[in-house]
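# Topology and contacts: notes
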Amino acid sequence: MKVTISVIKADVGGYVGHSSVHPKLIEACEEKLQAEKEKGNIIDYFVARAGDDINLIMTHTFGVDNPEIHKIAWEAFKDATKVAKELKLYGAGQDLLSDAFSGNVKGMGPGVAEMEIQERPSEPIIVFMADKTSPSAWNIPLYEMFANPMNTSGLVIDPSMHEGFEFEVLDVKEGDSYRIPTPEGLYDLLALIGSISRYVITKVIRKKDGEIAAVASSQKLSLIAGKYVGKDDPVMVVRAQSGFPAVGEILEPFAKPFLVEGWMRGSHVGPLMPVAMHQSNVSRFDGPPRVVALGFQLSNGKLIGPRDLFDDPAFDEPRRIAYEIANLMRRQGIFEPSRLPEEELEYTTLPMIISKLKGKEVKKVEHSDVD
Ligand code: F6R
Ligand code: MG
Ligand code: MG
């Protein structure tokens, strides 16, 4: 059967500050999705969270970008916002950029990752959710999972993966999208996705048969709104096993913590720490950035799970290493490269400071040619 998996996320109020989600907001979303399940509009759902973001994981048969499904998510977030306002939670409703819903939540604040698939006889999927970072946080792990045989030995060993995968890459500044096949286009791919503030992997497709392997959200709130309106914390869905990377190959990139944009005030560089959902409460310097991985088996669209995949001692050491990297970056304080370069800052006082200093400009001293 054809099933659509829709993961739609938003931050509609932090508890406390930007650190976590109040349980009552989760309950408000669950109530809404349970009612929609009973009406037969969705097959199943799970309401998850990462840091201060609520992630609605839904299955249905209406395909991607369906207005009814997006409306359900919008209304769930509206219900949660109402509770957030009652409790005076921090930044209540911050990711809902408009009062009225206009048919698709894309461009209205929430982040979206959706795929329509023919459910296999057994269909393991992993939903990744990150907080205090941006969509390009998935560039390294998606490259590792689908193009690096040193990470995914299946690319070499499994005949159904051996042809490789094609990557769809979005230029978030120009709005152009490129399709890059690997392994032959590997260096082209890396040339682009190494520019993490501009190029974002949005989709991965298996070359052999065009089957979708992974989808990632690419909403850049700062670009949508033309001004800083909240973090664009990303989500993604990855299919596992039998011709896709194994669950362990999909998790492996997160065992070697790497640096991402985000953290305090969305204006720093920090390690992405893999954590269990119950550990995804940011603290130190509003971080470090976190990633949660929930595994499900699909059964005729029903979500069997989740299994909280980073809730494992095997990820204690990556967490410790991420913390070491956090220490190193914090030592650098407000200085680049701990702080993002000027054009990437989500907050800046620089123009104000420069114009203030202009008034006190010291006349340039002319140097003579003679020593
Ligand atoms: C980063 C984030 C936080 C806030 C910080 C300041 O994504 O959400 O680090 O930027 O706590 O928040 P305000 O400006 O709301 O006081
Ligand atoms: Mg927040
Ligand atoms: Mg967030």
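This structure is a prediction, so every number in the text was calculated from the model and none was measured.

With respect to the helices, strands and loops of the structure, Ser6 is situated in strand β1 (residues 2-10). Distance in space between the C-alpha atoms of Ser6 and Thr59 is 6.2 Å, their sequence separation being 53 residues. Aside from chain neighbours lying at most four places away, what touches Ser6 is Leu56, Ile57, Met58, His60, Ile69, Ala113 and Glu114. In terms of polar contacts, Ser6 uses its side chain to reach the side chain of His60, at 2.8 Å. At 2.7 Å, the side chain of Ser6 forms a polar contact with the side chain of Glu114.

We now examine the coordination of the magnesium ion (ligand 3). Taken together, Asp52 (OD), Asp53 (OD), Asp131 (OD) and Asp233 (OD) make up the full set of protein donors to the magnesium ion (ligand 3), lying 2.1 to 2.5 Å away. Read in sequence order, the donor residues for the magnesium ion (ligand 3) give the motif D-D-x77-D-x101-D. If you look at the magnesium ion (ligand 3) and the magnesium ion (ligand 2), they sit 4.7 Å from each other and are both ligated by Asp52. Of this pair, Asp52 sits in the loop between β2 (44-50) and β3 (53-60) while Asp233 sits in the loop between α6 (221-225) and β10 (235-239), and the two are 181 residues apart along the sequence.

Let us look at the coordination of the magnesium ion (ligand 2). Any two of four tetrahedral donors ideally make an angle of 109.5 degrees at the metal, while pairs among six octahedral donors ideally make 90 or 180 degrees. The protein atoms that coordinate the magnesium ion (ligand 2) are Asp11 (OD), His18 (ND1) and Asp52 (OD), at distances of 2.0 to 2.3 Å. When the donor residues of the magnesium ion (ligand 2) are listed from N- to C-terminus, their spacing reads D-x6-H-x33-D. Given a relative accessible area of 3%, Asp11 falls into the buried group.

What follows is about helix α8 (residues 316-331). The end-to-end C-alpha separation of α8 is 23 Å, in line with the 22 Å expected for 16 residues at 1.5 Å each. Turning to α8, its buried residues number three or more, namely Pro318, Arg319, Ala322, Ala326 and Met329. For α8, the buried positions fall inside an angular range of 100 degrees around the axis, keeping them on one side. As for α8, its buried residues are in contact with β11 (259-262), β12 (268-271) and β13 (273-274).

The tally for this structure, following the rule as stated, stands at 11 aromatic pairs. Judged by centre distance (5.9 Å) and plane angle (40 degrees), the rings of Trp74 and Phe101 are tilted. In this pair, Trp74 sits in helix α2 (residues 67-86) while Phe101 sits in the loop between α2 and β4 (111-118), placing the two residues 27 residues apart along the sequence. Judged by relative accessible area, which is 3%, Trp74 ranks as buried. An aromatic cluster is present here, built from Phe128, Trp138, Phe254, Phe258, Phe310 and Phe315 joined pairwise through their rings. When the ring centre of Phe244 is taken as reference, the NZ or CZ atom of Arg206 above it lies at 4.4 Å. The lysine or arginine in question, Arg330, covers the ring of Phe285, its NZ or CZ lying 3.5 Å from the ring centre.

Thresholds applied
Residues numbered from 1 in each chain as written. Chains lettered and ligands numbered in written order. Predicted model: local features only at pLDDT ≥ 70, side-chain atom pairs only at ≥ 80, totals over all residues. Heavy atoms only, no water. Helix = DSSP H or I, 4+ residues; strand = E, 2+ residues; numbered from the N terminus. Contact = heavy atoms within 4.5 Å. Polar contact = N/O pair within 3.5 Å; in protein donor to acceptor, adjacent residues only side chain to side chain. Donors = N, O, S within 2.8 Å, 3.2 Å for Na, K, Ca; no water. Buried < 20%, exposed > 50% of the residue type's maximum accessible area, 1.4 Å probe, protein only. Expected span 1.5 Å × (residues − 1). Arc of directions from axis to C-beta. Phe/Tyr/Trp six-rings, centres within 6.5 Å; stacked < 30°, edge-to-face > 60°. Lys NZ or Arg CZ within 6 Å of the ring centre and 35° of its normal.

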